[in-house]
Amino acid sequence: MNILGIETSCDENSVAIVQDGRKLLSNVVYSQVDLHKIYGGVVPEVAARSHIEVMIPTVQEALDVARLQWKDIDAIAVTNGPGLGGSLLIGVLTARTLALIKNKPLYTVHHAMGHIYANFIDWTQNEKMKMANDGWLEPRFPIVALIVSGGHSHLLLLRNHFDYEILGQTRDDAVGEAFDKVAKVIGLPYPGGPSIERTALQGNPRAIRLPKAKMANKYDFSFSGLKTAVLRTVQDICGVSYDFPSFKLAERLTDAQRADIAASFQHVALEILVDKTVMAYAEFGTASVIIAGGVAANMELRQKLSAALPIKISYAPMSLCTDNGAMIAALGYYKSQISTPVDPLFLEVDPSLQM
Ligand code: KG4
Ligand code: ZN
């Protein structure tokens, strides 16, 4: 069964075709990073406009790369939330229109759940990805899943497809958001995750002591205190008061200070993620542990978690960790096996869609 997946919830416009939730036939991603870089973060109106411009060419390219025609597509899956309203709207309207005019069943996908399904794609069948990565570990249920991105920090226990429990989630900022905001304060380019990871290589992870939040539910996360602690540290280092404009702080830091702050922040943020994931594995003794979402692209996270667990962890190649249509098509396949399609005439976006 060939599913065409459409993802437009934030700043990546992506369309992919996946066979039976497993075989990657194409995955076209138009990233808007360069558009948003100058503002230091995603500007929702700019994102929505860019989605409009590239949406139809992306759909066509996904078909061309897979060497398929519309008659070969069995269903369409689309992210209907959570995400930016204007961005979601472009993907959902496109999916609704295509479902109607091409007469295809339409399925909706929760963006964060979609991230998990990147791990179910057998990317070793793709020559390019195979060359760049070291083996695919197919997840087996039950699974502990850590979803970490710019919008989500969730720890889940999955007993089977669609049978899961949310063990914990963030009470304030997502961890990727903390990476992005810390990067901005110390003057590193957007997106913050990769630039912090790169800069941290030159720094001392124990140079600065930063706090970890204590949570009532041991599996919950909180990153806003950590983010503020970094801001206060930078203000102290620069010798300015708390009301000094934060956008002027970065120019007062030396490269060495910047690297130490990046390394110390990353060290604590990743330690929080690793400790909670290890705790969940110890409690539930699952067959697999998977990491998903943009932050799962972090090599240090992969290494630290691998070292702390007695089993190998599952993660997708970089291009399937950050937002992509393939994960949406993969989850769409499993949804098509258990549920009826939605009515394309009445599908709405839901920017705050709950799991
Ligand atoms: O999954 P994603 O593409 O979009 C959302 O669903 O939010 O994740 C984007 C987030 C950004 O916050 C970005 O800074 C972070 O993932 N990210 C990373 C890395 N690569 C991307 N964070 C840490 N280390 C990385 N290497
Ligand atoms: Zn995402």
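Our subject is the structure listed above.
We now turn to the structure provided with this report. Position labels on residues start from 1 in each chain and follow its written sequence. All chains are assigned letters beginning with A, and all ligands numbers beginning with 1, in the order in which they are written. Reporting of local features is limited, given that this is a predicted model, to residues whose pLDDT is at least 70; pairs of side-chain atoms are given and counted only at 80 or more, and all residues count toward the totals for whole chains, interfaces and linings. Note: side-chain values were computed over all heavy atoms of the structure, leaving out hydrogens and water.

Right, let's get into the coordination of the zinc ion (ligand 2). Because water is not among the atoms used, a metal site may look incomplete, as its donors are only the N, O and S atoms within 2.8 Å, or 3.2 Å for Na, K and Ca. Coordination of the zinc ion (ligand 2) by the protein is provided by His 111 (NE2), His 115 (NE2) and Asp 323 (OD), with metal-donor distances spanning 2.0 to 2.1 Å. Counting gaps between the donor residues of the zinc ion (ligand 2) yields the pattern H-x3-H-x207-D. Taken as a pair, His 111 in helix α4 (residues 111-117) and Asp 323 in the loop between α11 (318-321) and α12 (325-338) lie far apart in primary sequence, 212 residues in all. With respect to class, His 111 is no different from Asp 323; both count as buried. In this description a helix means any DSSP run of H or I spanning at least four residues, a strand means any run of E spanning at least two, and both kinds are numbered starting from the N terminus. Between buried and exposed lies partly exposed: a residue is buried under 20% and exposed over 50% of the maximum accessible area for its type, with that area taken using a 1.4 Å probe on protein chains only.

Further remarks concern the packing of helix α9 (residues 255-284) against helix α10 (residues 299-308). Interaxial angles span 0 to 180 degrees and are taken between N-to-C directions of axes, which are lines fitted to C-alpha atoms, for helices over the stretch in contact. Two numbers describe how α9 lies on α10: the axes approach to 10 Å, and their chain directions differ by 40 degrees. For the element pair α9 / α10, the angle class is oblique. Regarding α9 and α10, the two cross each other, and that crossing is right-handed. Across from Gln 266, His 267, Leu 270, Leu 273, Val 274, Thr 277 and Val 278 in α9, the residues of α10 making contact are Glu 300, Leu 301, Lys 304, Leu 305 and Ala 308. Here the nonpolar group is Ala, Val, Leu, Ile, Met, Phe, Trp, Tyr, Cys and Pro; Asp, Glu, Lys and Arg are the charged ones; every other residue, Gly included, is treated as polar. Broken down by class, the residue content of the contact of α9 with α10 amounts to 7 nonpolar, 3 polar and 2 charged. Here is the rule for angles: anything less than 35 degrees is roughly parallel, anything more than 145 is roughly antiparallel, 65 through 115 is roughly perpendicular, and the remaining ranges are oblique. Helix crossings fall into two classes, left-handed where the near helix is turned counterclockwise from the far one by less than a right angle and right-handed where it is turned clockwise. A contact between two residues is defined here by any heavy atoms of the two lying within 4.5 Å.

Tracing the backbone through its elements, the reader meets Thr 277 in helix α9. Residue Thr 277 is classed as buried on the basis of its relative accessible area of 0%. Look past the residues within four positions of Thr 277 in its chain and what remains in contact with it is Val 144, Leu 146, Leu 155, Val 289 and Leu 305.

Summary of the distance rule: residues count as near a molecule or strand when at least one heavy atom falls within 4 Å of that molecule or strand. Taken together, 20 residues are adjacent to ligand 1, and Gly 150, Asp 180, Gly 193, Glu 197 and Asn 298 come closest. Residues adjacent in sequence count toward polar contacts only when both atoms are side-chain atoms; beyond that, a polar contact is any pair of N or O atoms within 3.5 Å, and within protein one must be able to donate a hydrogen and the other to accept it. Here an oxygen atom of ligand 1 sits 3.2 Å away from a polar atom, N or O, in the main chain of Gly 151. Contacts to ligand 1 include Gly 176, whose backbone N or O atom sits 3.1 Å from an oxygen atom. Here ligand 1, which alone exposes 550 Å², has 91% of that area covered by the protein. Sorting the residues of the shell around ligand 1 by element identifies α4, α6 (175-185) and α7 (192-200) as the ones contributing at least two each. Tallied by class, the residues present in the shell around ligand 1 amount to 6 nonpolar, 11 polar and 3 charged. In this description, accessible areas are obtained by the Shrake-Rupley approach with a 1.4 Å probe, and a residue is regarded as covered only by the protein chains that are shown.

Taken by themselves, the reported measurements are silent on function.
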